[in-house]
Amino acid sequence: MTSFTGILSDLDRVLLSAEEIHDRVANMAAQIQRDYEGKVITVVVLMDGALFFVADLLRQIDLPIRLVTLGASSYHGGTQSTGQVAIQWPAGADFVNQDILLLDDILDTGLTLSALRERLMAEKPATLRAAVLLDKKRPRSHDCPLDYCGFEIADEFVVGYGMDYQGRFRNLPCIGILKP
Ligand code: 5GP
Ligand code: MG
């Protein structure tokens, strides 16, 4: 195993170790497998942050899965005052009557996931559920019901296990808080 002393030294502290993440993701996979028994899951993944989460999760689910990846960018706190989400819709995707499981790395304001949920509901799926690895405890500007959640965390900026700061730290096996 790589020890990651290089990029780990940029962390103030580790919030969730690789082992903690691994164990929790295994639990989530077992729960999802029970809930979807006998079905085909259409997994819709928000890239790039959910990349490692989805890879670890899906490899522990023994059910047929269709995988759809898409990108979304939000502009909250940026130049636009009203939150808007630009969704890169996958060409030719068919969600009618599908059992959709929407996956993202982290629920923050809820803007991204609620916009995507709304957009997907318009496609008339049979069911639509949402799963995130991290749920930030903070006042939510957009209502976003979660069906599966890995960990609740405080309102701090995290990196690692797919999540970046200016394009870095995605490959860190743990999740941590950066030095100020
Ligand atoms: P929301 O639309 O819920 O405010 O934001 C969701 C997206 O913002 C997440 O999918 C993630 O890409 C990004 N995000 C929110 N909080 C964090 C964080 O603490 N660290 C990182 N790296 N990304 C975050
Ligand atoms: Mg994201």
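See the structure shown above.
Now for a look at the structure at hand. (Residues numbered from 1 in each chain as written. Chains lettered and ligands numbered in written order. Predicted model: local features only at pLDDT ≥ 70, side-chain atom pairs only at ≥ 80, totals over all residues. Heavy atoms only, no water.)

The next thing to look at is the sheet that holds strand β9 (residues 175–178). Strand order across the open sheet formed by 3 strands is β1-β9-β8, with antiparallel pairing between neighbours. This sheet does not close on itself; its edge strands, each paired only once, are β1 (11–16) and β8 (158–159). Across 2 bridges, β8 lies against β9 in antiparallel orientation. Among the inter-strand pairings, V159 is bridged to a residue of β9, identified as G176. (Pairing = 2+ DSSP bridges. Helix = DSSP H or I, 4+ residues; strand = E, 2+ residues; numbered from the N terminus.)

Quick look at the packing of aromatic side chains now. Each aromatic ring pair is summarised here by two numbers: the centre-to-centre distance and the angle between the ring planes. Counted by the stated rule, this structure contains 3 aromatic pairs. Measuring from centroid to centroid gives 6.4 Å for F52 and Y161, while their planes differ by 45°, and the two rings are tilted. Residue F52 is found in helix α3 (residues 51–58), and its partner Y161 is found in the loop between β8 and β9; the two are separated by 109 residues along the sequence. F52 gets classed as partly exposed once you look at its relative accessible area, which sits at 32%. By relative accessible area, Y161 is classed as buried at 7%. Between F157 and Y165 the ring centres are 6.1 Å apart and the planes differ by 75°, which places this aromatic pair in the edge-to-face class. The ring of W89 is capped by R119, whose NZ or CZ atom sits 3.8 Å from the centre of that ring. Above the plane of the ring of Y36 lies R129, whose end atom (NZ or CZ) is 5.1 Å from the centre. (Phe/Tyr/Trp six-rings, centres within 6.5 Å; stacked < 30°, edge-to-face > 60°. Buried < 20%, exposed > 50% of the residue type's maximum accessible area, 1.4 Å probe, protein only. Lys NZ or Arg CZ within 6 Å of the ring centre and 35° of its normal.)

What surrounds ligand 1 is a group of 15 residues, the closest being T109, G110, T112, V158 and D164. Between ligand 1 and D104, the relevant distance is 3.0 Å, taken from an oxygen atom to a side-chain nitrogen or oxygen of the residue. Between ligand 1 and V158 there is a distance of 2.7 Å, counted from a nitrogen atom to a backbone nitrogen or oxygen. Against a free-state accessible area of 510 Å², the protein chains account for coverage of 85% of ligand 1. Only β5 (99–107) and α4 (111–121) provide two or more residues apiece to the shell around ligand 1. (Near = heavy atom within 4 Å. Polar contact = N/O pair within 3.5 Å; in protein donor to acceptor, adjacent residues only side chain to side chain. Areas by Shrake-Rupley, 256 points an atom, 1.4 Å probe, with all protein chains shown as cover.)

Scope: geometric values only; no functional claims are made or implied.
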